[in-house]
Amino acid sequence: ERLRAALENVGVPLVADPGQTPAAGGVDPLADAKRALDRGVKAYRELDLDTAIAALRSAEEKSPAAAASPGIAAVVAEARVTLGLIALAQGKAADAGDHFHRAAVLEPDRRLDGRDNPPEVVAAYETARRAVAKSPTCELTLSSKSANAKTTVDGRPATGTVRLPYGVHFVQASTELGAAGERVELGQPRALVSLGVSPDAGGLLVALRAAARRGDD
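Conventions used here
Residues numbered from 1 in each chain as written. Predicted model: local features only at pLDDT ≥ 70, side-chain atom pairs only at ≥ 80, totals over all residues. Heavy atoms only, no water. Pairing = 2+ DSSP bridges. Helix = DSSP H or I, 4+ residues; strand = E, 2+ residues; numbered from the N terminus. Axes fitted to C-alpha atoms, helices over the stretch in contact; angles between N-to-C directions. Salt bridge = Lys/Arg side-chain N within 4 Å of Asp/Glu carboxyl O. Buried < 20%, exposed > 50% of the residue type's maximum accessible area, 1.4 Å probe, protein only. Contact = heavy atoms within 4.5 Å.

> What is the right way to look at the sheet that holds strand β4 (residues 161-165) in this model?
Sheet strands associate in pairs through backbone hydrogen bonding, adopting either a parallel or an antiparallel arrangement. Strand order across the open sheet formed by three strands is β4-β1-β7, with mixed pairing between neighbours. Edge positions in the open sheet fall to β4 and β7 (190-195), since each of these has one partner strand only. With strand direction ignored, the average angle separating the axes of adjacent strands in the sheet is 30°.

> Hey, could you run me through the pattern of salt bridges in this one?
When their charged atoms lie close together, side chains carrying opposite charge are able to pair. Across all of its chains, the model carries 15 salt bridges by this definition. When the shortest N-O distance is used, the salt bridge between Arg35 and Asp32 registers 3.8 Å. Note that Arg35 and Asp32 are positioned in helix α2 (residues 29-45) at a spacing of three residues, about one turn of the helix. Residues Arg110 and Glu107 are paired through a salt bridge, measuring 3.2 Å at the closest nitrogen-oxygen approach. Exposure remark for Arg110: the relative accessible area of 21% places this residue in the partly exposed category.

> Help me understand the sheet that holds strand β2 (residues 150-153) in this model?
Sheet architecture is open: four strands sit in the order β3-β2-β5-β6, paired in antiparallel fashion. Edge positions in the open sheet fall to β3 (156-157) and β6 (178-186), since each of these has one partner strand only. Two strands pair when backbone bridges link them, and β2 and β3 are joined in this way by two bridges, in the antiparallel orientation. The residue bridging Thr152 from the neighbouring strand is Pro157, located in β3. In this fold helix α5 (residues 93-106) packs onto β3 and β5 (167-175), with an angle of close to 30° to the strand it touches most, β5.

Below is the structure:
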């Protein structure tokens with residue numbers, strides 16, 4: 001009862017058993033996507049290209065479930081870059097360019113390391129990156145229904161209105177009580193994303209403990 005009262009004192013309704021976390025008995029969506037990425041990269045390095053392609057595609061397919069995690073953009077970008085490397089190895093320059101372009105949409109400042117990649121690969125990626133830099137952009141306005149929420153876009157802090165290249169992006173909002181995210185595909189000059197953060201069991205437990213400690217002071 002003391003913990004319940006402490007939670008009510010910080011203005012949080014008790015909507016879940018604080019002893020349980022959202023992932024209890026389940027799968028962490030970001031970790032699941034990372035495992036698929038790791039399998040794909042490993043298979044690529046072992047020249048098992050069919051297995052690599054399937055795993056890398058799976059990593060991106062898992063991304064909507066992990067949209068609330070700021071790290072998902074980096075996972076998807078890495079999967080796209082590796083798919084581009086595979087396409088180049090298969091002599092599919094157009095496909096490689098498409099994969100590289102979609103990777104650069106998420107990470108516009110990324111460049112391939114010339115120590116790890118041959119010049120023609122670095123040049124192909126740079127061509128795609130420069131194309132993204134010159135491509136149409138969307139003014140995305142970010143809004144959160146939760147007070148004091150921190151917002152990120154593609155894993156980078158962002159507030160207010162941000163300008164992003166057309167394509168798929170990941171928007172997150174988080175508080176000490178939980179996080180929310182959305183995978184959005186931009187293809188218009190202006191857009192709005194509004195996210196509301198609902199308390200999850202893990203966040204509630206943190207709030208309960210903090211409030212209880214304040215009650216002891």
